[in-house]
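Residue-level listing of the chains:
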Amino acid sequence: MIWAVDVYGRVYSLSTAGQRWERADDMLLELKRVTAGKGRCWGIGCDHHVYLNMMPSETPIRYREETYENQRWNPVDSFTDTLLPTDRWPWSDVTGMNPQPLHSFKLPSRSWEWEGDWYVDQTCGGEPSQTGGWEYAVDFPANFSPDKKWNSCVRRRRWIRYRRYIAQGTWAKIPLDNPRKPPLPLCDISCGGWEMSDQSGKYPYLWGVSQQGQVWFRDGIHPRVPEGSGWEEVEVPKEVAQLSAGPGDLLWALLWDGNLLVRTGLSLDSPTGTSWVEVESPGKEIEALHVAVGVSVVWVITKDYKVWFRRGVNSHNPCGSGWISIGGEMMMVDVGLNDQVWAVGEDRGLYFRMGVTPTEPSGNGWIPVLAQWGNNKEVVPPRNEFSGQLTEASQGSVLSCTDSDSEIGPSDPEKSSNETPVVEAAASSVVPLGGADTPSPPLKTEYTPSAAPQDAPKPFIPASDSFINSLVSDRDKTTTPQASIAELPQEEVEVSAPAQILPTPEAVGHDVPWMNVDLEGAEAARSAQVGARLSLSDGSAAATYALGTLETSQGVGEEDGPVWTWISGGGCDVDAERSSQISWLSPTGALTSSLSLTPVQSAAWSEQQQQEHREEISKKPLERSNSVWMRKGALRWWRDWKPQRWVDVSVALEQSTRSDGRKDSIFFVYYTQYDEKKYLHVFINEVTALVPVLWDCHYAFAVYTAQRTKQRWPLVLAAQTEKDMNDWLSLLCDRCCECRGIIGPPSRQALWSTTSKGDVMVHEPSFSLEATANTLACDLMFWRQVPGHLRCVESNSLGVVWGIGWDGTAWVYSGHCGQQPNPGDAAQTHQQTDVRSVHVYENQRWNPMTGYTDKGLPTDRPMWSDESGLKECTKGNTHPPSPQWSWVSEWAVDYNVPGGADKEGWQYAADFPVKCKITLRSPWQQVPPITLSDISLMPCLAQSRMEQIPVWALSDKGDVLCRLGVSPQNPAGSSWLHVGTDQPFKSISIGGANQVWAIAKDGAVFYRGSVSPQNPAGECWYHIPSPPRQTLRQLSVGRTSVFAVDENSNLWYRQGLTPSYPQGSAWELNSNNVTKVSVGPLDQVWIIADGVPGFPAEAPGAVCHRVGVGPMQPKGQSWDYGIGGGWEHISVRGNSAEAPRPPHPPTVGSPRSPLPQRPPTQVNGNVVGV
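None of the values given here were measured: they were computed from a predicted structure.

A. Quick look at the sheet that holds strand β28 (residues 322-335). If you walk across this open sheet you meet the 7 strands as β25-β26-β27-β28-β29-β30-β31, and the pairing is antiparallel. Looking along the sheet, the strands with just one partner apiece sit at the ends: β25 (288-293) and β31 (365-368). Shown here is a sheet whose adjacent strand axes are inclined to one another by a mean of 40 degrees, direction ignored. Here strand β27 (residues 306-311) runs beside β28; their pairing, made up of 6 bridges, is antiparallel. Residue Val-307 lies in a different strand from β28, and its bridge partner there is Ile-326.

In structure tokens:
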């Protein structure tokens, strides 16, 4: 049920099951404002009293009054009520501290009645008693029992009397609190907080604002005491004008200066909260006019009648994070159950916000509330005929809280009616603004235009109090001057037809734009309706106002409807789905409204004009307004501080869409610490990576930002199921890509990388990534995930991407790099499998008595551990890397560990591997049948044209292979060509101008000579000396440079590379702390660092960029550390996006160019194989 108040204080209710507004039975009742909750509605009367209307219920409201009769034994009179001076009162409460004789109990108000007389409770502790209800004890106070003993010197018994609340279904006045100071007069009240109460009963709290700007809280409200017991003042830093309490723990207040206050610390234990936080008004120059809150939403109206929605509001973050402008012009707004929104428009009509759901809390449009009025045609006597029955307070505030006649006109209704010209249309359809309460005086034809001053004040519509009028009195709104109805020629008035009735949606079609409610000019439109119902106030106000046109079965003009000033939906259980089933909210119901079109069009168009424009109106697009979309869920969070552990949290992704289509999103994490609600938030446009992480038996993923990357502490979250994790990852990744304008598959210039978990990540580079000045910081790079599971990935600038799984299977990317695939191709995926080994190590120590045993020293590593020996890992407690994996083998001794082992697998120091398998759908196509250990594609510039792309690889046995037939049209190629060697290899790379370098398993370096498009396999291997006392394990060749990594994680640079001597002259140490290196087509250098200096606890594997690399400085200058913690491989060999360079003066001599093909007759180094 919704409650509404018109400008004359009349209260109406509308049920979701009904179709007609019902006025309160008490015709003398006049309220200024109402606030509804579940099963009740509070109101402020024009007499400044607070009223309560409890909905009728089958369960009566009964309250038990109780008092205790206390007696003491003495030798003369036995037990009597003559007590010692130090004893409790003869009649007291259960504590004995407060006297409570039977005659002291009074009914709190006329809303209660006694059910019976006092009687003795014949039970003790809930059990029937045979002692007449007496409980005995040694002394006061003590533990009482029904057993009378020899030392029982005192006794007590409980007297009970019940009172019943008899004012259900009526408006009952709440009595003043005496002798406590009352907060009256109040100018605003709001009830809420029933969601904070426990299971014993959902009861609301009541807040009030006095006209002096004080905030008051109503104590003692309980299911058995609906009125409460007293008022408690809550200190505020500034004067408050209005407030709103939500069903939960949200409370916002509006200050007289237009700013807002938020109450924090609201809880069941502290219902009044702890402190206030000030929030600025949505408009910088426009002050706030009204505020309304729900469970997790805040709506605000500013003085220009614009509607605003507060983002990010939650019980953990009651202040929110920002304002969003919403379409429509409203005078006040109220948030009801399920965060549904009701409003009073600037045209004084009632509106409902359509489409409000938990995922879209801002809704998508306003529709009018279209309910019928009663059929009563009787003329209600003027208000002055029974004004003597009203209290003095109510007479002075029927129209407004102020007593200024300059605002509301003369107080005498008869005088006002006689001096005000009113136009009476045909069929007696014109009724003054007072509706049925005020008769229509006869038409006066004499009217002198000069009688109305040219500078007439702004039309004033009576409000239920002066609050809104005083707040908007300084509103500077330019309105189009409207001709007064009395200025119209009499002949034109007499022949005017009754008010136009718009066709129903069935006549017009179902495309009527209900969401496009144009409130601009509604007042002017209704004033311009010649045949509509009109009302004029006295000349000092010069108000011309027309009510909305409603199509009902009883016709127009039979009874006038209220002009609304207040609405409360706190007791109306409606949601977005059920709203379409309510007749007075459904656009296809029996009623329609002219507000589905613009009011000016509704007033001016005749039936013929409407007929001509029906098709145009039905095709008119809806006006887009800002909206908010939200997704909520429950995850677990790995707490940032010690002791680090998993914490259950609630999360929310909130996205706002502006009218121009721009979107921005915020991700919130809400948690509780020491019973205090807190939250974390991450702006989606600041997210740099969303990475699934390895965590024991958890579906976990990490959220990186630039700041968290610098701190080396990502936000780690875990879901209950794999589906939940994938859904959140997909949703967050889509929003990240959307805010950055990234769509479709990776581009040809993309950087590819893999994590230690096997996830494939890509980054779309910009020109600033490799610029010599203003280089993009590495921690600002955005990485997105590509479906698949691989150990390493290599690419080039022509869109060819190869990868190798952990089991050595070769895969080629089939996702159309750099292209917009056809819809059929985009959906084409392949089944991809990968197998990897999980190792645990058995450790033993030798002693002279028993030899090698599992009994170690206290300082030794665990007898079963991981490779590092720091973590205990047994065969029983070791799990697959993540729940997506499944075991496919049993534990076995590994005889092929690095360094060799004896016949029992011992290294003298054994390894027990077990294999696990993952299966997924991905855009990777398998390249059978040879398993690979390394692969390399020749880097080139994006404008290069090659019929075949050179691809070199190593098999898992160390054989060198060359792939033939690889092209952008056929990225998988056609066949493998074996290239002979005299020993197995472990790393290979091909650079610019077909330079092929390789490393043998013993660490020897080789260069392949005479490789060309005509001779793709080359002719022979040239041995290149390794760095002194170092064994190389991996290398990468760029356009003109070669970098290699040794077994000690040192990075080496090959000096002296020239077109005439491509093998170079010597190795130069460049850096340490490197596990992998990748050199791109621009000679850019990227590595996977073993760790980040200063963060020893971080997992190994961090993306790192060499800054300052250039033709004159090929080794670069410094390292820029980026995202880290578990990254396995990186490839920048597809990024040839070179930043534009300023023009340089022509150089002397031949310019530097890519390496030409070496003449086959030139010999460099020693030929070791053909």
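Having seen the structure, we can now continue with the description.
B. Structural context of the packing of aromatic side chains. Under the definition given, this model contains 36 aromatic pairs. Judged by centre distance (6.0 Å) and plane angle (65 degrees), the rings of Phe-667 and Trp-728 are edge-to-face. Residue Phe-667 is located in strand β37 (residues 663-673), and its partner Trp-728 is located in helix α11 (residues 722-740); the two are separated by 61 residues in the primary sequence. Grouping residues by exposure puts Phe-667 and Trp-728 together as buried. Among the aromatic residues, ring-to-ring pairing joins Trp-997, Tyr-1007, Tyr-1022 and Trp-1067 into one connected group. A cation sits over an aromatic face here: Arg-161 above Trp-114, 4.0 Å from the ring centre. The ring of Trp-629 has Arg-735 lying over it, and the distance from NZ or CZ to the ring centre is 4.9 Å.

C. Up close: the UniProt feature "domain: Peroxin/Ferlin" (unreviewed entry) in the chain. When the UniProt feature table is mapped to this numbering, "domain: Peroxin/Ferlin" (unreviewed entry) covers residues 60-121, 133-166 and 833-894. In residues 133-166, the share of helix is 0% and the share of strand is 44%. The end C-alpha atoms are 30 Å apart.

D. The arrangement of the nonpolar core in detail. In terms of nonpolar packing, the biggest core is built from 34 residues, with Ile-2, Trp-21, Trp-171, Trp-342, Val-369, Trp-584 and Leu-585 touching the most fellow members. The set of elements that each furnish at least two residues to this core consists of β1 (2-6), β2 (11-14), β4 (31-37), β29 (341-345), β30 (350-354) and β34 (564-568). For this core, the element with the most residues is β1, which contributes 4 residues. Formed by 30 residues, the second largest nonpolar core is a distinct cluster that contains Phe-667, Leu-690, Leu-732 and Phe-782.

E. Local environment of the state of the cysteines. Per the counting criterion, the structure on display carries 0 disulfides. Of the cysteine sulfurs around Cys-733, a residue in no disulfide, the closest is that of Cys-737, at 4.1 Å. On the basis of relative accessibility, which here comes to 15%, the residue Cys-733 falls in the buried class.

F. Inspection of the side chain of Thr-1040 at higher detail. Mapped onto the secondary structure, Thr-1040 falls in the loop between β63 (1032-1037) and β64 (1042-1046). One polar contact links Thr-1040 to Asp-1083, side chain to side chain, over a distance of 2.3 Å.

G. Representation of the environment of Pro-562. By secondary structure assignment, the location of Pro-562 is in the loop between β33 (544-546) and β34. A C-alpha to C-alpha distance of 8.3 Å links Pro-562 and Arg-10, two positions 552 residues apart in sequence.

H. Unusual backbone geometry, seen in detail. Residue Pro-141 is bonded to the preceding Phe-140 through a cis peptide linkage, with omega at -20 degrees. Residue position: Pro-141 is located in the loop between β14 (135-137) and β15 (154-165). With a phi angle near 65 degrees, Ser-1049 is a residue other than glycine that sits in the positive phi range. By the element assignment, Ser-1049 lies in the loop between β64 and β65 (1051-1055). Its identity is not glycine, yet Asp-1083 carries a phi of approximately 65 degrees, on the positive side.

The rules we used
- Residues numbered from 1 in each chain as written.
- Predicted model: local features only at pLDDT ≥ 70, side-chain atom pairs only at ≥ 80, totals over all residues.
- Heavy atoms only, no water.
- Pairing = 2+ DSSP bridges.
- Helix = DSSP H or I, 4+ residues; strand = E, 2+ residues; numbered from the N terminus.
- Axes fitted to C-alpha atoms, helices over the stretch in contact; angles between N-to-C directions.
- Phe/Tyr/Trp six-rings, centres within 6.5 Å; stacked < 30°, edge-to-face > 60°.
- Buried < 20%, exposed > 50% of the residue type's maximum accessible area, 1.4 Å probe, protein only.
- Lys NZ or Arg CZ within 6 Å of the ring centre and 35° of its normal.
- UniProt positions renumbered as here; feature names shortened; annotations may be inferred.
- Core = buried A, V, L, I, M, F, W, Y, C linked by side-chain atoms within 4.5 Å.
- Disulfide = S-S within 2.5 Å.
- Polar contact = N/O pair within 3.5 Å; in protein donor to acceptor, adjacent residues only side chain to side chain.

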